[in-house]
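Chain by chain, the residues run as shown.
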Amino acid sequence: MSKYLMNTYARLPVAFTHGEGAWLWDTEGRKYLDAVSGLGVTSLGHSQPEVAAVIADQAATLLHTANLAGIPWQEKLAEKLCKHSRMDKAFIANTGAEAVECALKIARLCGHQRGFEKPLIAVTNGAFHGRTLATISATDNIKIQQGFEPMVAGYIHLPYADSDAFEKAIEENPELVAILLEPIQGETGVVVPPAGYFKNLRKLCDQHNILLICDEIQAGMNRTGKWFAHQHDDILPDIITVAKALANGIPIGACLARGEAATAFVPGNHGSTFGGNPLSCRTACTVIDIMERDNIGDNAADIGNWLQQGFKEKLATDPKVVDIRGRGLMLAIELDRSAIPVRDTALAEGVLINVTHEKIIRLLPPLILNRQEAEKLLETVSRLVSDLE
Ligand SMILES: *Cc1c(COP(=O)(O)O)cnc(C)c1O
């Protein structure tokens with residue numbers, strides 16, 4: 001790897017030059033089935049022709065004006081996002097962490113508007129919300145925080161999927177203004193909360209006037225079979241963050257809000273030079289249009305269920321396998337030992353998978369994955385797990 005790059009990533013010994021659909025090619029011309037999607041980003045697959053055409057056209061039309069003037073594509077995108085999320089308003093940023101920063105600032109602002117001097121935000125253990133100082137402070141992951149102390153203050157750390165702990169925190173902290181959490185914890189290994197948890201959270205938030213912030217950056221945009229993962233629980237958050245798959249690889253993030261949270265900001269409270277530019281917003285509009293037209297969520301649900309069922313049939317009795325879980329095309333196979341050899345052998349065989357926390361195989365294939373591609377993924381991963389010593 002280049003000596004000119006800072007030492008921030010443990011990279012795989014491969015580099016890709018181009019891709020098409022669910023497939024990637026490396027610098028040696030070898031072909032790979034992509035079950036990572038650049039960490040849940042390229043949901044419509046690589047080189048999607050309509051997305052590519054729109055990017056090229058917009059590059060030759062207008063890339064950037066900053067938010068000094070109106071941006072029609074930003075307005076269009078905000079409307080589309082509000083329609084699918086049932087939110088009132090959107091702020092468009094450039095990354096996931098920025099979308100979360102926006103949500104955190106809105107929550108604090110609402111707290112101050114209620115007269116709280118030090119508004120508190122509840123966050124959950126195992127969470128991942130990004131790599132900025134405020135977002136690394138919103139996790140309990142020591143590895144992510146170490147060396148960067150002091151952390152940003154104002155958080156209460158709670159166990160995930162524990163509404164009793166949340167209720168206790170509400171009683172003990174009168175200045176608690178919001179709870180921020182993922183509908184399914186992604187980075188920590190696809191942790192799906194038990195049915196009823198989000199309904200309980202919503203009830204407690206309503207009773208105590210607390211903002212429910214769902215970080216849908218990984219689970220949103222049809223990854224789990226619905227536009228947003230919290231929709232499986234039939235609840236409505238107050239704030240939603242979106243990013244990753246929103247523009248199929250063009251950097252973008254969005255913070256969506258309703259009610260008090262939607263109208264908290266006034267000019268001067270928040271902003272971004274690049275955020276909401278015509279290129280990323282028009283690309284995201286196209287991605288949403290394609291997802292609507294092609295019922296991408298249905299494919300994610302069908303292929304995802306088929307895959308999860310297949311893994312359960314092939315691996316359920318394997319003593320190395322601790323758990324097989326997920327929703328739609330957000331899947332995990334947790335082992336009792338390192339899964340790194342599975343990842344490395346899969347790579348050598350031309351299948352790209354991700355491992356998180358060393359023992360958890362995480363699959364985030366593109367949502368356009370077809371049955372044949374899913375069969376290849378199922379066959380390769382289950383065989384390599386079975387053969388693992
Ligand atoms: C990836 C991720 C983020 C951070 O997004 P970036 O674009 O890397 O800043 C935040 N929250 C969740 C749930 C994520 O999966």
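Residues numbered from 1 in each chain as written. Predicted model: local features only at pLDDT ≥ 70, side-chain atom pairs only at ≥ 80, totals over all residues. Heavy atoms only, no water.

Draft legend 1. Summary view of helix α3 (residues 72-85). Here α3 is 14 residues long and its end C-alpha atoms lie 20 Å apart, about the 20 Å a rise of 1.5 Å per residue gives. Of the positions making up α3, those classed as buried are L77, A78, L81, C82, H84 and S85. For α3, the angular spread of buried residues about the axis comes to 165°, placing them on one side. Of the exposed residues in α3, the ones pointing more than 90 degrees away from its buried face are P72, E75, E79 and K83. Structurally, α3 contributes buried residues whose contacts are with β4 (89-93), β9 (239-242), β10 (253-257) and α9 (278-293). (Helix = DSSP H or I, 4+ residues; strand = E, 2+ residues; numbered from the N terminus. Expected span 1.5 Å × (residues − 1). Buried < 20%, exposed > 50% of the residue type's maximum accessible area, 1.4 Å probe, protein only. Arc of directions from axis to C-beta. Contact = heavy atoms within 4.5 Å.)

Draft legend 2. Highlighting the pairing of strand β5 (residues 120-124). Buried residues dominate β5, accounting for 5 of its 5 residues. The alternating pattern of β5 places L120, A122 and T124 on one face and I121 and V123 on the opposite face, and all of these are buried. In this sheet, strand β7 (residues 176-181) lies alongside β5 in parallel orientation, the contact comprising 3 bridges. Across the sheet, L120 pairs through a bridge with L176, a residue of β7. Examined bridge by bridge, β5 and strand β6 (residues 155-158) share 4 bridges and lie parallel to one another. From the neighbouring strand, A122 faces β6, where its bridge partner is I156. (Pairing = 2+ DSSP bridges.)

Draft legend 3. Structural view of the site of the ligand. Taken together, T95, G96, A97, F128, H129, G130, E182, D215, I217, Q218 and K244 make up the full set of residues adjacent to the ligand. Between A97 and the ligand, the recorded distance is 2.7 Å, taken from a backbone N or O atom to an oxygen atom. One nitrogen or oxygen atom from the side chain of Q218 is found 2.8 Å from an oxygen atom belonging to the ligand. Within the complex, the protein chains bury 82% of what would otherwise be the 380 Å² of accessible surface of the ligand. For the shell around the ligand, the residue count by class is 3 nonpolar, 5 polar and 3 charged. (Near = heavy atom within 4 Å. Polar contact = N/O pair within 3.5 Å; in protein donor to acceptor, adjacent residues only side chain to side chain. Areas by Shrake-Rupley, 256 points an atom, 1.4 Å probe, with all protein chains shown as cover. Nonpolar A, V, L, I, M, F, W, Y, C, P; charged D, E, K, R; others polar.)

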